[in-house]
Amino acid sequence: MAALIAPSILSADFANLERDLHAISTADYAHVDVMDNHFVPNLTLGLPVFERLAQVSPVPIDAHLMIEDPDRWAPAYAEAGAASVTFHAEAAAAPVRLARELRRLGSRAGVALRPATPVEPFLDLLAEVDMILVMTVEPGFGGQSFIDGTLPKIRRAREAVSESGLDVWIQVDGGVSRSTIERAADAGANVFVAGSAVYGAESVPGEIQALRELAEASAHAH
Ligand SMILES: O=C(CO)[C@@H](O)[C@H](O)COP(=O)(O)O
Ligand SMILES: [Fe+2]
C-alpha cells in the first residue's frame, strides 16, 4: 500500500508559513492543525489564515480541526479549499451529517479519535467517511512521544476497513518519526502526519522520503 506523508505545519515557523509549505512540496499533503483553546489547551490559527494557506500551498491541505462545535465550523474549511477535513468524534454532535456535508462540499471527510476514544462506534459507519485519524498522542501539542497503546486500535480499524472492501484511509498523528513509523504502518496506517520529525530534520525532503520508504517497506511486509 502506498504510504502518504503529511507533514504538520505546527512545527513550521509561523512567521514564514508560505516558505515552510514550499519546503514540504514533495509531501502528499500539508497537515494544518486548527486548535481553538477549548477542545485542546492550545491556540493555533483559524479560517482567515487557513484560507490564505490554501491559496498558496503547493500541496493539498489536510485540515485537522481540534475545535468545539465542528458541526458549525468545519464546512467553512471545506469551502476554503481543504482537500480533506477531519473533525473530532468527541466534539461532533452529528458526525454522519457533518461528514456528508463535507463530502457534498467537495472535501474528503475524516473523523479523529483521541487515544482513549474507541473506534468501534464508527466501524458500522465506514461508508460515511474517507479517513479515520487515530491520534497517537493526546491532541494539543507537537513533540510528544508516540503512545504504543493506540496500535491495537489502528489494527482493529484496518481489519474492519479490509473486511468492508471500502477505501477508507487510516491516519496516525503524533510522535511519528523514523523510530515509530514502522509500528504504525505495520498496524495498518497508510497516512502519516509528522511535525517535529520533518521540520526538525537537517533535510526536510530527505526526511519525507525516509519516512515514506520506512512506511512502505513495513506495509509491504505483511
Ligand atoms: O495534531 C497534532 C497535535 O495535536 C499534530 O498534528 C502535531 O503537530 C504532531 O506533531 P509531532 O508529534 O509530529 O511533533
Ligand atoms: Fe494534527
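Residues numbered from 1 in each chain as written. Chains lettered and ligands numbered in written order. Predicted model: local features only at pLDDT ≥ 70, side-chain atom pairs only at ≥ 80, totals over all residues.

The subject of this paragraph is unusual backbone geometry. Residues apart from glycine generally show negative phi values, whereas peptide bonds are mostly found in trans. In this structure, Asn-37 takes a positive phi of about 70° despite not being glycine. Assignment of secondary structure puts Asn-37 in the loop between strand E2 (30-35) and helix H2 (47-56). Asn-37 gets classed as partly exposed once you count the C-beta atoms within 10 Å, which come to 13. A positive phi angle, close to 55°, is found at Asp-69, a residue other than glycine. Look at Asp-69 and you get partly exposed, because 14 C-beta atoms sit within 10 Å. (Helix = DSSP H or I, 4+ residues; strand = E, 2+ residues; numbered from the N terminus. Buried ≥ 20, exposed ≤ 12 C-beta atoms within 10 Å, placed from the backbone.)

In this numbering, the UniProt entry assigns the feature "active site" (unreviewed entry) to Asp-33 and Asp-173. On the basis of their most widely separated C-alpha atoms, the annotated residues across 141 residues gather in one place, lying no more than 10.6 Å apart. Summarising the element assignment, Asp-33 is placed in strand E2. Considering the arrangement of structural elements, one finds Asp-173 in strand E7 (residues 169-173). Taking the C-beta count within 10 Å as the criterion, Asp-173 has 26 such neighbours and is therefore assigned buried. (UniProt positions renumbered as here; feature names shortened; annotations may be inferred.)

We now examine the environment of Leu-4. On the secondary structure map, Leu-4 appears in strand E1 (residues 4-7). For the pair Leu-4 and Ile-24, spaced 20 residues apart in sequence, the C-alpha separation works out to 13 Å.

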